[in-house]
Amino acid sequence: MKFFVDTADVAAIAELNETGMVDGVTTNPSLIKKSGRDILEVTREICSIVSGPVSAEVTATDAETMVAEGRKLVEIAGNIAVKVPLTWDGLKACKVLSAEGHMVNVTLCFSANQALLAAKAGATFISPFIGRLDDINLDGMELIQDIRTIYDNYGFETQILAASIRTANHIVDCARIGADVITAPPAVIKAMVTHPLTDKGLEVFLADIKSAGIKIV
Ligand code: G3P
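Residues numbered from 1 in each chain as written. Predicted model: local features only at pLDDT ≥ 70, side-chain atom pairs only at ≥ 80, totals over all residues. Heavy atoms only, no water.

Draft legend 1. Just the nonpolar core, in detail. Residues Val84, Val106, Ile126 and Ile165 are the most contacted members of the largest nonpolar core, which totals 59 residues. Other than its neighbours up to four places away in sequence, Val106 contacts Val84, Pro85, Leu86, Cys94, Ala118, Ala123, Phe125, Ile126 and Ser127. Judged by nonpolar contacts, the second largest core, of five residues, contains Phe4, Ala81, Phe125 and Leu161. (Core = buried A, V, L, I, M, F, W, Y, C linked by side-chain atoms within 4.5 Å. Buried < 20%, exposed > 50% of the residue type's maximum accessible area, 1.4 Å probe, protein only. Contact = heavy atoms within 4.5 Å.)

Written out as structure tokens, the structure is:
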């Protein structure tokens with residue numbers, strides 16, 4: 001399973017990248033706004049840190065302008081995945097950009113039918129939003145399972161990039177289902193390490209190290 005980091009915070013990306021946990025990065029207009037930086041400049045900096053796919057989202061709503069924006073975004077670096085919304089125009093733009101050999105991430109997916117359309121339009125990644133479905137009392141994980149089943153039924157190569165991940169439990173559930181990629185904020189990825197028995201066990205070991213005077217270097 002690949003881990004993408006869902007942020008435009010360059011320092012946070014660099015820190016996680018040192019641990020080998022970063023297979024890619026996803027950004028969106030809200031994350032770019034939060035960074036307070038120019039989209040082209042911050043995306044270029046992220047691409048200089050991470051060698052895996054870096055998703056950068058278009059701003060237009062019509063296919064023609066989305067394609068023009070996508071072509072400009074891919075000039076930033078060879079690892080840009082152009083992110084387009086799951087609209088009819090987004091699918092048209094996906095078809096054009098993927099036929100040109102560019103990676104395309106189709107975002108804002110909330111149904112299995114939408115995911116089916118994105119795969120047929122040649123998407124490299126489909127981004128179903130788990131947390132936002134859970135927010136309205138629907139089952140985000142059921143959507144991941146449905147897309148996995150449908151893509152496997154027909155051998156679609158589009159990768160399931162589970163997005164809007166809010167908890168470490170979302171990540172393990174995605175891993176059980178077989179999502180290809182998860183994208184999560186740095187804090188959620190870091191939360192995966194926490195277990196009370198690890199803390200308790202380490203406390204005992206440290207006490208024994210101290211009382212026995214165990215020393216290695
Ligand atoms: O990248 C898009 C997605 O991960 C957004 O997450 O928490 O704003 O629903 P959230």
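Draft legend 2. Just unusual backbone geometry, in detail. In this structure, Asn137 is a non-glycine residue whose phi angle is positive, near 65°. Topologically, Asn137 is positioned in the loop between helix H7 (130-135) and helix H8 (140-154). Positive phi values are uncommon outside glycine, yet Ser164 reaches one of about 55°. For Ser164, a relative accessible area of 9% corresponds to the buried category. (Helix = DSSP H or I, 4+ residues; strand = E, 2+ residues; numbered from the N terminus.)

Draft legend 3. Highlighting the pairing of strand S8 (residues 181-184). Along S8, one buried face is formed by Val181 and Thr183 and the opposite face, lined by Ile182 and Ala184, is buried too. Two elements, strand S1 (residues 2-6) and S8, share four bridges in a ladder whose sense is parallel. Bridged to Phe4 within S8 is Thr183. With two bridges joining them, strand S7 (residues 159-162) and S8 adopt parallel strand pairing. Bridge pairing in S8 links Ala162 to Ile182. Viewed along the sheet, the connection from S7 through helix H9 (residues 168-177) into S8 turns out right-handed. (Pairing = 2+ DSSP bridges. Right-handed = clockwise from strand over helix to strand, strands pointing away.)

Draft legend 4. Here's a closer look at the sheet that holds strand S2 (residues 24-26). The sheet built from eight strands closes into a barrel, its strands ordered S1-S2-S3-S4-S5-S6-S7-S8 with parallel pairing. Averaged over neighbouring strand pairs, the angle between their axes works out to 30° when direction is ignored. Strands S2, strand S3 (54-57) and strand S4 (80-85) of the sheet are contacted by helix H3 (residues 39-49), whose axis makes an angle of about 170° with S3. In the packing of helix H4 (residues 63-74) onto the sheet, the strands contacted are S3 and S4, and the crossing angle to S4 comes to about 160°. (Axes fitted to C-alpha atoms, helices over the stretch in contact; angles between N-to-C directions.)

Draft legend 5. Region of interest: the pairing of S1. Within S1, four of the five residues are buried, which leaves the element mostly enclosed by the surrounding structure. Of the pairings in the sheet, the one linking S1 to S2 comprises three bridges and is parallel in character. Looking at the pairing, Asp6 lines up with Thr26 of S2. Assessed by its sense of winding, the connection that carries the chain from S1 through helix H1 (residues 10-17) to S2 is right-handed.

Draft legend 6. Structural view of the site of the ligand. In the vicinity of the ligand, the contacting residues are Asp6, Asn28, Lys83, Phe129, Arg132, Ala163, Ser164 and Arg166. For the ligand, an oxygen atom lies 2.5 Å from a polar atom in the side chain of Asp6. One of the side-chain N or O atoms of Lys83 is found 3.4 Å from an oxygen atom in the ligand. For the ligand, whose accessible area on its own is 310 Å², the fraction buried by protein is 82%. (Near = heavy atom within 4 Å. Polar contact = N/O pair within 3.5 Å; in protein donor to acceptor, adjacent residues only side chain to side chain. Areas by Shrake-Rupley, 256 points an atom, 1.4 Å probe, with all protein chains shown as cover.)

Draft legend 7. Spotlight on the side chain of Gln159. Secondary-structure assignment places Gln159 in strand S7. In this structure the side chain of Gln159 is engaged in a polar contact, spanning 2.9 Å, whose partner is the side chain of Lys2. Sequence-distant contacts of Gln159, defined by excluding residues within four places in its chain, comprise Lys2, Thr124, Phe125, Ile126, Asp180 and Val181.

Draft legend 8. Expanded view of the pattern of salt bridges. Per the counting criterion, the structure on display carries nine salt bridges. For Glu45, the salt bridge is made with Arg37, and the minimal N-O distance between the two is 2.6 Å. Overall, the relative accessible area of 28% leaves Arg37 in the partly exposed class. The partner of Asp135 in a salt bridge is Arg166, and the shortest N-O contact between them spans 3.1 Å. In this pair, Asp135 sits in helix H7 while Arg166 sits in the loop between S7 and H9, placing the two residues 31 residues apart along the sequence. Residue Arg166 is classed as partly exposed on the basis of its relative accessible area of 40%. The network of salt bridges with shared partners includes Arg37, Glu41 and Glu45. (Salt bridge = Lys/Arg side-chain N within 4 Å of Asp/Glu carboxyl O.)

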